[in-house]
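# Structural features, examined
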Amino acid sequence: MKYLVTFFTHFDAMSYQHSLNRLNIQGTLMPVPRTVSSSCGTCITFSIEETLVPELDLIQMEDYAEIFRIIDESYILLHKNE
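Okay, so let's go over this structure. (Residues numbered from 1 in each chain as written. Predicted model: local features only at pLDDT ≥ 70, side-chain atom pairs only at ≥ 80, totals over all residues. Heavy atoms only, no water.)

Attention shifts here to the environment of Phe68. The topology assignment puts Phe68 in strand β4 (residues 66-71). Along the chain, Phe68 and Thr45 lie 23 residues apart, while their C-alpha atoms are 9.4 Å from each other. Residues in contact with Phe68, not counting those within four places in the same chain, are Lys2, Tyr3, Leu4, Thr6, Val36, Tyr75, Ile76, Leu77 and Leu78. (Helix = DSSP H or I, 4+ residues; strand = E, 2+ residues; numbered from the N terminus. Contact = heavy atoms within 4.5 Å.)

Quick look at the structure:
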C-alpha cells in the first residue's frame, strides 16, 4: 500500500519520518501535490505491506494533518487530525 501524509509544520514531517525509520519504513519528504492541501507544504510518501503496519498504527503516530492512501494516482483520505 502507498500512503501520503501531510503536516501542520515541517518539524512534524521530520518527526514522522523519524518514526517511520524506527519501523524500518523508508519515508520520502516531498512537496505536497496540488490536489492535496497542507499547512506547511511538506508531505511524506511511503509504501508498506498492509500486514506490516496496520493503518491504525499510522494514525496513532506523531502529529500530522491528514493521511491518504494512494490508489492509481488518486488520494483517498483515511484520517484527518483536527
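The subject of this paragraph is the environment of Glu50. As for its placement among the helices and strands, Glu50 is situated in the loop between β3 (42-47) and α2 (55-59). For the pair Glu50 and Lys2, spaced 48 residues apart in sequence, the C-alpha separation works out to 9.4 Å. With near-sequence residues (within four places) excluded, Glu50 lies in contact with Met1 and Arg69.

This next bit is on the nonpolar core. Core analysis: the biggest nonpolar cluster contains 12 residues, these being Tyr3, Val5, Phe7, Ala13, Tyr16, Leu20, Ile25, Ile44, Phe46, Ile48, Tyr64 and Ile67. Breaking this core down by element, the ones donating at least two residues are β1 (2-6), α1 (10-22) and β3. Sort the elements by how many residues they give to this core and α1 lands first, with three residues. Those residues within four positions of Ala13 in sequence are excluded, and the remaining contacts are Phe7, Leu29, Thr42 and Ile44. (Core = buried A, V, L, I, M, F, W, Y, C linked by side-chain atoms within 4.5 Å. Buried < 20%, exposed > 50% of the residue type's maximum accessible area, 1.4 Å probe, protein only.)

Taken in spatial order, the five strands make up an open sheet running β2-β3-β1-β4-β5, and their pairing is antiparallel. Both outer strands of the open sheet, β2 (28-31) and β5 (74-80), are each paired with one neighbouring strand and no more. On average, adjacent strands in this sheet sit at an angle of 30° to one another, irrespective of strand direction. Examined bridge by bridge, β1 and β3 share five bridges and lie antiparallel to one another. Bridged to Thr6 within β3 is Cys43. The strands that α1 touches are β1, β2, β3 and β4; relative to β3, the one it contacts most, it runs at about 15°. (Pairing = 2+ DSSP bridges. Axes fitted to C-alpha atoms, helices over the stretch in contact; angles between N-to-C directions.)

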